[in-house]
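Architecture and fold: a report
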Amino acid sequence: MTLSIRPATPADLPLIAQLIRDLAEYEKLAHEVRFDEAVLGEKLFGQRPYAEVVIGEIDGTPQGFALFFHNFSTFEGKPGIYLEDLFVRPEARGSGLGKALLAHLAMLAGERDCARLEWSVLDWNAPAIGFYQKLGARLMDDWTVMRVDGADLARLGAAAR
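Below, the structure is looked at part by part. (Residues numbered from 1 in each chain as written. Predicted model: local features only at pLDDT ≥ 70, side-chain atom pairs only at ≥ 80, totals over all residues. Heavy atoms only, no water.)

The subject of this paragraph is the overall build of the protein. From N to C terminus, the protein includes five helices and five strands. Listing every helix and strand of the protein by position from the N terminus yields β-α-α-β-β-β-α-β-α-α. What you see for the protein is a C-alpha radius of gyration of 17 Å, in line with the 15 Å of a compact globule of 161 residues. Residues classed as buried in the protein amount to 33% of the 161 residues present. (Helix = DSSP H or I, 4+ residues; strand = E, 2+ residues; numbered from the N terminus. Rg over C-alpha atoms; globule rule 2.2 N^0.38 Å. Buried < 20%, exposed > 50% of the residue type's maximum accessible area, 1.4 Å probe, protein only.)

Taken in spatial order, the five strands make up an open sheet running 1-2-3-4-5, and their pairing is mixed. What marks the edges here is a single partner per strand, and that holds for strand 1 (3-7) and strand 5 (117-119). Pairs of neighbouring strands in the sheet enclose a mean axial angle of 30°, with direction left out of account. Here strand 2 (residues 52-58) runs beside strand 3 (residues 61-73); their pairing, made up of seven bridges, is antiparallel. Within strand 3, the position partnered with Ile58 by the bridge is Thr61. The sheet contacts of helix 1 (residues 13-26) involve strand 2, strand 3 and strand 4 (78-88), and relative to strand 4 the element is tilted by about 75°. (Pairing = 2+ DSSP bridges. Axes fitted to C-alpha atoms, helices over the stretch in contact; angles between N-to-C directions. Contact = heavy atoms within 4.5 Å.)

With that out of the way, let us pick up the pairing of strand 2. Of all seven residues in strand 2, six are buried; the element is thus mostly enclosed. The sheet contact formed by strand 1 and strand 2 spans five bridges and is antiparallel. Directly across from Ser4, in strand 2, lies its bridge partner Glu57. In this antiparallel pair of consecutive strands, strand 2 and strand 3, the connection spans two residues, and Asp59 shows a positive phi of 50°.

Under the counting rule described, the total for this entry stands at four aromatic pairs. Ring geometry for Phe131 versus Tyr132: centroids 5.6 Å apart, planes at 50°, classification tilted. Accessibility expressed as a relative area gives 11% for Tyr132, which makes it buried. Among the aromatic residues, those joined into a ring-pair cluster are Trp119, Phe131 and Tyr132. Above the plane of the ring of Tyr26 lies Arg93, whose end atom (NZ or CZ) is 4.6 Å from the centre. (Phe/Tyr/Trp six-rings, centres within 6.5 Å; stacked < 30°, edge-to-face > 60°. Lys NZ or Arg CZ within 6 Å of the ring centre and 35° of its normal.)

Ranked by size, the top nonpolar core spans 18 residues in total, and within it Ala66, Phe68, Ile81, Leu83, Leu86, Leu101 and Leu105 carry the most contacts. When contributions to this core are tallied by element, the ones reaching two or more residues are strand 2, strand 3, strand 4, helix 3 (97-111) and helix 4 (126-134). Apart from residues no more than four positions distant in its own chain, Phe68 is found in contact with Ala51, Glu52, Val53, Val54, Ile81, Tyr82, Leu83, Glu84, Leu105, Leu108 and Arg112. Ranked by size, the runner-up nonpolar core spans 15 residues in total, among them Leu13, Leu44, Leu67 and Phe87. (Core = buried A, V, L, I, M, F, W, Y, C linked by side-chain atoms within 4.5 Å.)

Okay, structure coming up:
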């Protein structure tokens, strides 16, 4: 069995879209998937890419992906990598592909002089939490994720006008 990680290309857009849908299904969030594939492609591969994707393959067959982007730590004075999504197809779990994807991002973080690699995990996803902790990740229990979206985002933005 050969594991490989490669940067995604525009030709991978249908694969990326399907892997995102598969992830949403696993997370019981399929009802929240609203992206337009063409817009997703523009945001990933257009003139100003907002995120990067790597594809994880087993024996040349795509079995997972990681979608990530840079953030910035003011305390460290350096960029970081934020992992938005990591997904390995159920039939490929246990192969080492998830660890290989995270190791690849850690390597990129080192090459790019990043201070950290961060991500969020659903609190009910005990298998993922255990997996991440075995790799050295720690829970940031003292932080709570906040979000503004939809009409509230528009209303808050309008307050700047």
